[in-house]
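Residue-level listing of the chains:
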Amino acid sequence: MNRTILHLDLDTFFVSVERLLDSRLQGRPILVGGLSDRGVVAACSYEARTCGVHSGMPMKMARELCKEAIVIKGDASVYTRYSETVTRIIRENVPLFEKASIDEFYADLSGMDRFFGTYRYASELRRRIIRETGLPISFGLSVNKVVSKVATNEAKPNNQRLIDPGREKTFLAPLSVRKLPMIGDSTYLTLRNLGIRRMSNLQEMPGEVLYRVLGRNGLTIRDRANGIDMTPVIPFSERKSISTERTFDRDTIDVQRLRTILAAMTENLAFQLRRGGKLTACVSVTIRYSDFQTYSKQLKIPYTSADHVLIPRVTDLFYRLYDRRMLIRLIGVKFSHLVHGNYQIDLFEDTEETIRLYEAMDKIRLRYGDRSVTRASALGVKTIGRMTNPFNGQPPIILAHRKQ
Ligand SMILES: [Mg+2]
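Residues numbered from 1 in each chain as written. Predicted model: local features only at pLDDT ≥ 70, side-chain atom pairs only at ≥ 80, totals over all residues.

## A word on the overall build of the chain
Within the chain, the secondary structure is distributed over 14 helices and 14 strands. When each of the 404 residues of the chain is scored for burial, the buried share is 41%. Partitioning the contacts of the chain with sequence separation of at least 6, the portion at a separation of at least 24 is 66%. (Helix = DSSP H or I, 4+ residues; strand = E, 2+ residues; numbered from the N terminus. Buried ≥ 20, exposed ≤ 12 C-beta atoms within 10 Å, placed from the backbone. Contact = placed C-beta atoms within 7 Å.)

Below you can see the structure in the form of structure tokens.
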């Protein structure tokens, strides 16, 4: 049975939100990111792209390339709010959807054909999002995720594209292999060296050759270029979370020590977020007093994976929670409302140095273990308790008598 998969992607999301807030920005080159020379471009308008600017570029370079650009310091909390509005509209209208990133969604509309035309249904959904939020959004509709995503990108800006079942290969054939999701710079170079530029070259390439050069990945890429992709739409669930907690050997009231442990826990969870390419929009802290009374508090925050943003939030929650001045038996930290994403959303405050520092620290952790490098605030903590398996959506198992 053919599936029907919809891919929706907000156009230049941060820029579009800024234009909603200030209509004078319409039609002008816009850079969103850190304002200082050391800042990085988090997003840019189509007008700025024509000057050769792209996201991730140092702000200084972007300003030189596009002198007339208006530079705006981004606001993650505003973008998060708009992202949630769009999510709500999609949730109200489709039975099964996946939030792939802050501005990107997949929906499985298979089987809906019997009741309404899926293309008409998708068009109506898109119109509704535009009407209710004022944000431009594009979609692609086809039999799978990969073809729909490519179709969305071909449709942009602010448009839609249907690829009829059976037309996947023909649709992809003339496009650059670069347009295939998951082809990064190094794979692209490898393919170029094999003389592969267009999807049609990839479609005709013998599997053995690609396997020799790129391993199993080469075969996946070839399948995708042929319009074959069975990846399911993974239902979006607010319950997706990662968490950690620690039960003390001896109950404690040492607030300084508790703070240090919380910082270490947060730092470690944030590393797991980044390693999994995720962002969180909700942090919670749990404490259990010596009389076994347990309290939790949670806080919605703008999407982030940066521990220098998360640690103060967690500390703050702890102080708001800890009001009984009684011995504490257990503390825990949880990040939920996870979506795919990277540092980009945090770039507004951050300099290239901050981003490089994160990259360098994460590299050390990947190589030498996740406690090999730490912030000074978390120093002195040798163990931070049990980590629950991230991203499986399961609630943490409580091991009440675990030794530290
Ligand atoms: Mg987008």
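## Description of the sheet that holds strand β3 (residues 41–44)
Reading across from one edge, β3-β2-β4 is the order of the 3 strands in this open sheet, with mixed pairing throughout. Strands with a single pairing partner mark the edges of an open sheet, and in this sheet they are β3 and β4 (70–73). Adjacent strand axes in the sheet meet at a mean angle of 30°, parallel and antiparallel pairs treated alike. Relative to β4, strand β2 (residues 30–33) runs parallel, the two being bridged by 4 bridges. Its bridge partner lying in β4, isoleucine 30 is registered against isoleucine 70. (Pairing = 2+ DSSP bridges. Axes fitted to C-alpha atoms, helices over the stretch in contact; angles between N-to-C directions.)

## Description of the sheet that holds strand β5 (residues 97–101)
Sheet strands pair via backbone hydrogen bonds, and the direction of the pair is either parallel or antiparallel. With mixed pairing, the 5 strands of this open sheet are ordered in space as β5-β6-β1-β7-β8. What marks the edges here is a single partner per strand, and that holds for β5 and β8 (160–162). Sheet twist, expressed as the average angle between the axes of neighbouring strands with direction ignored, equals 15°. Bridge count between β5 and strand β6 (residues 104–108): 4 bridges; the pairing is antiparallel.

## Here's the deal with the nonpolar core
The biggest cluster of nonpolar side chains holds 91 residues, and the ones touching the most others in it are Leu6, Leu31, Ala107 and Val314. Of all the elements, helix α12 (residues 255–275) adds the most residues to this core, at 9 residues. If near-sequence neighbours (up to four positions away) are discounted, leucine 31 is found in contact with Val41, Cys44, Ala48, Val53, Met59, Ala62, Ala69 and Val71. (Core = buried A, V, L, I, M, F, W, Y, C linked by C-beta atoms within 7 Å.)

## A word on the confidence of the model for the chain
Looking at the chain as a whole, its pLDDT mean stands at 86, while 87% of the residues score no less than 70. Considering only residues more than four positions removed or in separate chains, one finds that residues 386–404, a stretch of pLDDT under 50, has 30 contacts. (pLDDT = per-residue confidence, 0-100.)

## Observations concerning helix α13 (residues 307–321)
End to end, α13 covers 20 Å across 15 residues, agreeing with the expected 21 Å (1.5 Å per residue, within 8%). Those residues of α13 that fall on the buried side of the exposure criterion are Asp307, Leu310, Ile311, Val314, Leu317 and Phe318. End-on, the buried residues of α13 take up no more than an arc of 130°, which puts them together on one face. Projecting away from the buried face of α13 at angles above 90 degrees are the exposed residues Pro312, Tyr319 and Arg320. (Expected span 1.5 Å × (residues − 1). Arc of directions from axis to C-beta.)

## Quick look at the pairing of β6
Among the 5 residues of β6, 5 are classified as buried, and the element is accordingly described as predominantly covered. Burial along β6 is two-sided: Glu104, Tyr106 and Asp108 and Phe105 and Ala107, pointing in opposite directions, are all buried. Here strand β1 (residues 5–10) runs beside β6; their pairing, made up of 5 bridges, is antiparallel. Pairing of histidine 7 across the sheet is with tyrosine 106, part of β6.

## A word on the pairing of β5
The element β5 is extensively covered by neighbouring structure, given that 5 of its 5 residues are classed as buried. With antiparallel pairing between neighbouring strands as the criterion, β5 and β6 make up a hairpin whose turn holds 2 residues.

## Regarding the environment of glutamate 98
Relative to the helices and strands, glutamate 98 is located in strand β5. Here glutamate 98 falls in the buried class, since 22 other C-beta atoms lie within 10 Å of it. Along the backbone, glutamate 98 and isoleucine 234 are 136 residues apart, and their C-alpha atoms lie at a distance of 5.3 Å.

## What about the packing of α12 against α13?
Contact pair α12 / α13: the axes reach a minimum separation of 9 Å and the direction vectors enclose 140°. Judged by the angle between their axes, α12 and α13 are oblique. Two packed elements cross with a definite hand, and for α12 against α13 that hand is right-handed. Facing α12, whose interface residues are Leu258, Arg259, Leu262, Ala263, Thr266, Glu267 and Ala270, α13 presents Asp307, Leu310, Ile311, Val314, Thr315 and Phe318. In terms of residue class, the contact of α12 with α13 is made up of 8 nonpolar, 2 polar and 3 charged. (Parallel < 35°, antiparallel > 145°, perpendicular 65-115°, else oblique. Left-handed = near helix turned anticlockwise from the far one by under 90°. Nonpolar A, V, L, I, M, F, W, Y, C, P; charged D, E, K, R; others polar.)

## Notes on unusual backbone geometry
Across the junction of lysine 156 and proline 157, the peptide omega takes the value -5°, indicating a cis bond. Structurally, proline 157 is set in the loop between α6 (145–155) and β8. Positive phi is not limited to glycine here, since arginine 325 has a value of about 45°. Take arginine 325: it is sitting in the loop between α13 and β12 (328–336). Taking the number of C-beta atoms within 10 Å as the measure of exposure, arginine 325 has 8 and is therefore exposed. Non-glycine residue histidine 337 carries a positive phi angle of around 55°. Within the fold, histidine 337 resides in the loop between β12 and β13 (339–340).

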